[in-house]
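Descriptive structure summary
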Amino acid sequence: MNKAQWIPIIVLRFIAMASTFVATLVMITSHDSAKVLGMTFQAKYNNSPTLKYFVIVCVITTVYSLATLFVPPKKSWRPVLVLDLIIMSFLISSFSAAVGVGQLGKEGNSHAGWLPICGQVPKFCHHVSAALIAGFVAVIFYVLLLLYSLNNVLDLVAFKA
């Protein structure tokens, strides 16, 4: 790959890395407490295995993206492309699971008898929503990064002057 093809990859990777970093920070700082019937309960991201999974994948994605910013483009593009695909798959799965839990927290499930909790802990719900938005941005940029990289590697679209 030449330098003109590598610059968009670096930009896309940096934006994806920044959004997963923001998603991690916002999710880790999400906590709130509420008093219900004289009992105080706390809502934290680590109360849910799904939200923990989302944080772990976002941390792994951030570290991986930072590490691949320093990989020379001519040396190892195939392993990076395969790892990008794996990372994107984990990111999509963790994002999807976290959105499902977020929806349950916001709306509840009347069929299962689960009540929504966002009315009692709005700060927690706002933090989770913001982290999920940042996660969605990361998913979009990883998909764009993978499509652009595949196009460059396989030379799918060749523009001839």
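Anyway, here's the lowdown on the structure attached to this text. Bear in mind the structure is a predicted one, so any value in this text is a computation, not a measurement. Along each chain, residue indices are assigned from 1 in the same order as the chain's sequence is written. Residue-level local features of this predicted model are given only where pLDDT is at least 70; pairs of side-chain atoms are given and counted only at 80 or more, and the full residue set underlies all totals for whole chains, interfaces and linings. Side-chain numbers here rest on the full set of heavy atoms in the structure, without hydrogens or water.

Topic: the overall build of the protein
- In DSSP terms, a helix is any run of H or I states spanning at least four residues, a strand is any run of E spanning at least two, and both are numbered starting from the N terminus. Broken down by element type, the protein carries four helices and two strands.
- Reading the helices (α) and strands (β) of the protein from amino to carboxyl end gives α-β-β-α-α-α.
- At 19 Å, the protein has a C-alpha radius of gyration far larger than the 15 Å of a compact globule built from 161 residues.
- Each principal axis of the C-alpha distribution contributes one length, and for the protein these read about 70 × 30 × 25 Å.
- Here the protein holds 161 residues, and the buried ones make up 34% of them.
- Contacts were defined at the residue level, with two residues in contact if any of their heavy atoms lie within 4.5 Å. Here the analysis covers contacts within the protein between residues at least 6 apart in sequence; of these, 77% occur between residues at least 24 apart. Each radius of gyration is computed over the set of C-alpha atoms, and the globule rule expresses the reference value as 2.2 Å times the number of residues to the power 0.38. Working definition: with a 1.4 Å probe on protein chains only, accessible area under 20% of the residue-type maximum means buried, over 50% means exposed, and in between means partly exposed.

Here we look at a nonpolar patch on the surface
- On the surface, a nonpolar cluster with roughly 500 Å² of combined accessible area is contributed by Ile7, Val11, Phe14, Ile15, Ile133 and Val137.
- Looking at the nonpolar patch, the elements that each hand over two or more residues are α1 (3–28) and α4 (122–154).
- Broken down by element, the nonpolar patch gets its largest block of residues, four residues, from α1.
- Structurally, the position occupied by isoleucine 133 is in helix α4. Within the patch definition used here, like charges are joined within 9 Å and nonpolar side chains (Val, Leu, Ile, Met, Phe, Trp, Tyr) within 5 Å, considering only residues with over 30% relative accessible area and no salt bridge. In short, Shrake-Rupley with a 1.4 Å probe defines the accessible areas, and a residue's cover is counted only from the protein chains shown. We define a salt bridge as a contact between a side-chain nitrogen of Lys or Arg and a carboxyl oxygen of Asp or Glu at a distance within 4 Å.

Concerning the packing of helix α2 (residues 49–68) against helix α3 (residues 77–107)
- Fitted lines through C-alpha atoms give the axes, limited to the stretch in contact for helices. The angle between two N-to-C directions lies from 0 to 180 degrees. Put simply, α2 and α3 touch, their axes get as near as 9 Å, and they point 155 degrees apart. In terms of their interaxial angle, α2 and α3 are classed as roughly antiparallel. For the crossing formed where α2 meets α3, the hand is left-handed. Each of Thr50, Leu51, Tyr53, Phe54, Val57, Cys58, Ile60, Thr61, Tyr64 and Thr68 in α2 lies in contact with α3, whose residues at this interface are Val80, Leu83, Asp84, Ile87, Phe90, Leu91, Ser93, Ser94, Phe95, Ala97, Ala98 and Val101.
- We call Asp, Glu, Lys and Arg charged. Ala, Val, Leu, Ile, Met, Phe, Trp, Tyr, Cys and Pro are nonpolar, and the rest, Gly among them, are polar. A per-class count over the contact of α2 with α3 returns 16 nonpolar, five polar and one charged. Here the angle decides the label: under 35 degrees means roughly parallel, over 145 means roughly antiparallel, 65 to 115 means roughly perpendicular, and every other value means oblique. A clockwise turn of the near helix away from the far one marks a right-handed crossing, whereas an anticlockwise turn of less than a right angle marks a left-handed crossing.

Here's the deal with the nonpolar core
- By nonpolar core is meant a set of buried Ala, Val, Leu, Ile, Met, Phe, Trp, Tyr and Cys residues that side-chain atoms within 4.5 Å join together. Of all hydrophobic cores here, the largest spans 35 residues; its most connected members are Met27, Leu51, Phe54, Leu91, Phe124 and Tyr142.
- Contributions of two or more residues to this core are made by α1, α2, α3 and α4.
- Here this core gets eleven residues from one element, more than from any other, and that element is α4.
- Dropping the residues within four chain positions of it, leucine 51 is found in contact with Met27, Tyr45, Ala98, Val101, Phe124 and Val128.

Here we look at the pairing of strand β2 (residues 39–44)
- When DSSP finds at least two bridges between two strands, those strands are taken to pair. Where strand β1 (residues 31–36) and β2 come together, six bridges link them in antiparallel fashion. Residue pairing in the sheet places serine 33 in a bridge with glutamine 42 of β2.
- In this antiparallel pair of consecutive strands, β1 and β2, the connection spans two residues, and leucine 37 shows a positive phi of 55 degrees.

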